[in-house]
Amino acid sequence: MFAANCYLLVRVILDSNNLTNLLPLPELAAFPHLLNLSLANNSIVGLSNDYTEGFQSLLKFDLSYNDLSSTFPSSFSRLTALEWLNLESSSLSGSIPPTIGNMSSLVYLNLSRNRLNSTISSSWTELSSLETFYVSHNALNGTLPVGNALRENLKDISAGKNSLTGTIPSFSSYPSLEHIWLNHNKFHGSIPTSLGNMTNLKSVYFEANRLLSTIPPEIFASQSLEALVLGSNKLTGSLPNAISNGFVLLAIEKNYISGTIPVSFGNLPSLDGLSLHSNLLTGEIPSSIGDMSKNLTLLALEKNMLNSTVPMSLGRLQNLKWLTLASNDLIGTFDSLCAAEIEFAMLTADCEQPKAEVNCTCCSYCCSDSERNCDNIQFSFDAFFDSCYPHLSSCDVFGRPRPSL
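Residues numbered from 1 in each chain as written. Predicted model: local features only at pLDDT ≥ 70, side-chain atom pairs only at ≥ 80, totals over all residues. Heavy atoms only, no water.

Side note on the overall build of the protein chain
No. 1: When you go through the protein chain residue by residue, the secondary structure sums to 5 helices and 28 strands.
No. 2: Each of the 405 residues in the protein chain was classed as buried or not, and the buried ones make up 54%.
No. 3: Look at the contacts in the protein chain between residues 6 or more apart in sequence, and 49% of them connect residues 24 or more apart.
No. 4: Only carbon and sulfur atoms are counted for the fraction: they give 49% of the accessible area of the protein chain, which is about 16,500 Å². (Helix = DSSP H or I, 4+ residues; strand = E, 2+ residues; numbered from the N terminus. Buried < 20%, exposed > 50% of the residue type's maximum accessible area, 1.4 Å probe, protein only. Contact = heavy atoms within 4.5 Å. Areas by Shrake-Rupley, 256 points an atom, 1.4 Å probe, with all protein chains shown as cover.)

Written out as structure tokens, the structure is:
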């Protein structure tokens, strides 16, 4: 009776209902006009290989945040009308099957936070309509295949926190790309210069790989980039004097960047975060830093060889929450900064007695180079991202789920 009365049903949304079993196939198959089936955030266990029977008109299917404990069902390849498939955090294992290339209408595919442990099948590059491809937080290995069929529509690729190897593709023939998230992998070699010439590219996350080149100046000059995250690599060279003023986040910590901090970095009106800690930077902290964006929340400069006085202009940065200056050769006093009554979540400096290099009465951690008492203080970007992301127009601009870091 239920099926008979709902013959024209087009949408079934049963998210967060503690369901433990999939809905019965005969009931669902009785809805030939069903377009949207969402069963996210339940406790569904298991997924039969024939579950897609009767869903030929389905456009959107969401089984994320369940415990399917299965491989990716090859029968999904018969859902040729499907445009949106979300299987994030659903306990999938094994491989991404070559048959995924048959799902020719897919626009959005999210397989992140599973236990996929194979290479990435090149068949995904045949999905000519695909805009969003998320496979982060798995155990995928091998190289990242790319192909011509993707070039016109692909906007977001998130494959961070896997074990991918090889060099980073140039992506130069992908004019629609906006976000490339390949952090925490094993990519080596150089950063493609072509990324700086991509007019729609907004965020690049290559953190925690094995990159060992200089950073192409074209990337710093990009008129579209907002977020550049390159920390924990082996990058060398110096920071450029010429930099685009559209950056919201610059994170280049834990590399081998040398030279000085350019005065031009004070002319970044949109910057929310600047992380240059654990490099080989020398010279002074330019007073122009105090003219940075009023939104500046993070300034991380610890563990370099900076050797100036502490600029009084830092007190103008009223929205700072994290300021880390320890393990440098700075001298002077933080009096003007402390008098500004900024509510810091973290403020570090070399103010540990009896060998204090600076005087700081408002620091949350007083460090000492000789005692190395701050070596184990680890700044977590999580709190910063939670605070900063609302300002990043590069994130979720189309109402899509944000890529996983």
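Now that the structure is up, let's keep going.
Some words on the packing of aromatic side chains
No. 1: Applying the stated criterion across every chain, the model contains 7 aromatic pairs.
No. 2: When the ring of Trp124 is compared with that of Phe133, the centres are 3.8 Å apart and the planes differ by 10°; the resulting orientation is stacked. Assigned by exposure class, Trp124 and Phe133 land together as buried.
No. 3: Ring geometry for Phe171 and Tyr174: centres 5.8 Å apart, planes at 75°, overall edge-to-face.
No. 4: For Tyr174, a relative accessible area of 4% translates into the label buried.
No. 5: By the ring-pair criterion, three or more aromatic residues cluster together here, those being Phe61, Phe72 and Phe76.
No. 6: Residue placement shows Lys60 over the ring face of Trp84; its charged tip is 4.3 Å from the ring centre. (Phe/Tyr/Trp six-rings, centres within 6.5 Å; stacked < 30°, edge-to-face > 60°. Lys NZ or Arg CZ within 6 Å of the ring centre and 35° of its normal.)

Digging into the pairing of strand β26 (residues 346-349)
No. 1: Because side chains alternate across β26, one face comprises the buried residues Met346 and Thr348, and the other comprises Leu347 and Ala349, equally buried.
No. 2: By the bridge criterion, 3 bridges tie strand β24 (residues 322-324) to β26 in an arrangement that is parallel. Note on β26: the bridge partner recorded for Trp322 is Met346.
No. 3: The pairing of β26 with strand β28 (residues 365-366) spans 2 bridges and is classified as parallel. Residue pairing for β28: Thr348 is matched across the bridge by Tyr365. (Pairing = 2+ DSSP bridges.)

A word on the confidence of the model for the protein chain
No. 1: Overall, the prediction assigns the protein chain a mean pLDDT of 87, with 87% of residues at 70 or greater.
No. 2: Per-residue pLDDT stays below 50 along residues 386-405; that stretch engages in 49 contacts with residues further than four places along the chain or on separate chains. (pLDDT = per-residue confidence, 0-100.)

Quick look at the sheet that holds strand β19 (residues 258-259)
No. 1: Strands sit in the order β19-β21-β23 across an open sheet of 3 strands; the sheet is parallel. Each edge of the open sheet carries a strand with a single partner, namely β19 and β23 (305-306).
No. 2: As paired elements, β19 and strand β21 (residues 280-283) share 2 bridges and run parallel to each other. Bridge pairing in β21 links Gly259 to Leu281.

Digging into the pattern of salt bridges
No. 1: Tallied over the entire structure, the rule returns 2 salt bridges.
No. 2: The partner of Arg113 in a salt bridge is Glu88, with the nearest N and O atoms 3.6 Å apart. Of this pair, Arg113 sits in the loop between β7 (108-110) and β8 (115-116) while Glu88 sits in the loop between β5 (84-86) and β6 (92-94), placing them 25 residues apart in sequence.
No. 3: In this structure, Arg316 and Asp291 form a salt bridge, with 2.8 Å as the shortest nitrogen-oxygen distance. One end of the pair, Arg316, is in the loop between β23 and β24; the other, Asp291, is in the loop between β21 and β22 (298-300), with 25 residues separating them in the sequence.
No. 4: In this structure Arg316 comes out as partly exposed when scored by relative accessible area, which is 43%. (Salt bridge = Lys/Arg side-chain N within 4 Å of Asp/Glu carboxyl O.)

Let's talk about the environment of Asn41
No. 1: Assignment of secondary structure puts Asn41 in the loop between β2 (36-38) and β3 (60-62).
No. 2: Using a relative accessible area of 45% as the deciding quantity, one classes Asn41 as partly exposed.
No. 3: Note: C-alpha distance between Asn41 and Ser89 (48 residues apart in sequence) is 9.4 Å.
No. 4: Apart from the residues lying within four places of it in its own chain, the contact partners of Asn41 are Ser16, Asn17, Ser64, Tyr65 and Asn66.
No. 5: At 2.9 Å, the side chain of Asn41 forms a polar contact with the side chain of Ser16. (Polar contact = N/O pair within 3.5 Å; in protein donor to acceptor, adjacent residues only side chain to side chain.)

Comments concerning the state of the cysteines
No. 1: This model, assessed by the stated rule, comprises 3 disulfides.
No. 2: With a sulfur-sulfur separation of 2.1 Å, Cys338 is cross-linked through a disulfide to Cys362. On the sign convention where negative means left-handed, the S-S torsion of about -80° between Cys338 and Cys362 marks this disulfide as left-handed. Note that Cys338 is positioned in helix α4 (residues 335-339) and Cys362 in the loop between β27 (358-359) and β28, a separation of 24 residues in sequence.
No. 3: Residue class for Cys338 comes out buried when judged on its relative accessible area of 17%.
No. 4: With a sulfur-sulfur separation of 2.0 Å, Cys351 is cross-linked through a disulfide to Cys366. Because the torsion about its S-S bond is -100°, the bridge between Cys351 and Cys366 counts as left-handed. With Cys351 in the loop between β26 and β27 and Cys366 in strand β28, this residue pair connects regions lying 15 residues apart in the sequence.
No. 5: On the accessibility criterion, Cys351 (6% relative accessible area) is buried.
No. 6: Residue class for Cys366 comes out partly exposed when judged on its relative accessible area of 25%. (Disulfide = S-S within 2.5 Å.)

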